[in-house]
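# Results of the structural survey
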Amino acid sequence: MLKKSVEDALNKQLNAEFYSSYLYLAMSAYFESYPMKGFAKWLRLQAKEEMAHGMKFYDYIIEAGGTPKLTAIDAPKTPWKSAQAVFEQVYEHEQKVTGLIYALMELSIKEKDHATTNFLGWFVKEQVEEEANASEILAQIKIVGDIPGHLFWLDHQLGKRE
Ligand code: FEO
């Protein structure tokens, strides 16, 4: 059975993951009209992945005897001024999410909730990959700059994501 403090914190993270999905979908829409279809596809898939993260929390809360609470999701601030500005925000956002997961992990350890600590281990690992992906794409954008020809090459590369 989940302690109230842990259940509340898991529900907060459920909302944060759905917000990540919403944010990346808004970024995808921005690239659709850029138009940079590869960036749009990459971010649409990322939005889907964040929705799956949210559902992992949703399912875990139920399995652990709690109740998922679906609260309002903030509207992402749009538009962005460049591809670089978008990925600067993606990278910052992923670092913020890592901080949220770590805080949740610390709470579960403090509450001696070993099942939740074990569940969160997957997210600790996942965040290493999430930060690395965002940081790599940001570095690539900085190399090519917002030069349309070069950016289209990167757009083509990102469009290969399955
Ligand atoms: Fe759900 Fe991008 O972390």
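Please refer to the structure higher up on the page.
Let me begin by describing the structure that accompanies this report. (Residues numbered from 1 in each chain as written. Predicted model: local features only at pLDDT ≥ 70, side-chain atom pairs only at ≥ 80, totals over all residues. Heavy atoms only, no water.)

We now examine the packing of helix H2 (residues 37–63) against helix H3 (residues 83–110). Remark: H2 packs on H3, axes separated minimally by 14 Å, with the N-to-C direction vectors making an angle of 10°. In terms of their interaxial angle, H2 and H3 are classed as roughly parallel. Of the two possible hands of crossing, H2 and H3 adopt the one that is left-handed. Seen from H2, the contacting residues are Phe39, Trp42, Leu43, Glu50 and Phe57; seen from H3, they are Val86, Phe87, Val90, Glu94, Ile101 and Leu104. (Axes fitted to C-alpha atoms, helices over the stretch in contact; angles between N-to-C directions. Helix = DSSP H or I, 4+ residues; strand = E, 2+ residues; numbered from the N terminus. Parallel < 35°, antiparallel > 145°, perpendicular 65-115°, else oblique. Left-handed = near helix turned anticlockwise from the far one by under 90°. Contact = heavy atoms within 4.5 Å.)

Counted by the stated rule, this structure contains five salt bridges. Note that Glu49 and Arg161 form a salt bridge whose closest N and O atoms lie 3.2 Å from each other. Taken together, the residues Glu49 in helix H2 and Arg161 in the segment after helix H5 (148–158) connect sequence positions 112 residues apart. Residue classification places Arg161 among the buried residues on the basis of a relative accessible area of 18%. Taken together, the salt bridges that share partners define one network made up of Glu32, Lys37 and Arg44. (Salt bridge = Lys/Arg side-chain N within 4 Å of Asp/Glu carboxyl O. Buried < 20%, exposed > 50% of the residue type's maximum accessible area, 1.4 Å probe, protein only.)

With respect to the helices and strands, Tyr91 occurs in helix H3. Here Tyr91 falls in the partly exposed class, since its relative accessible area comes to 25%. In the structure, Tyr91 is positioned 41 residues away from Ala132 in sequence and 8.6 Å away in space, judged by C-alpha atoms. Once residues lying within four places of it in the same chain are set aside, the contact partners of Tyr91 are Glu131, Ala134, Ser135 and Leu138.

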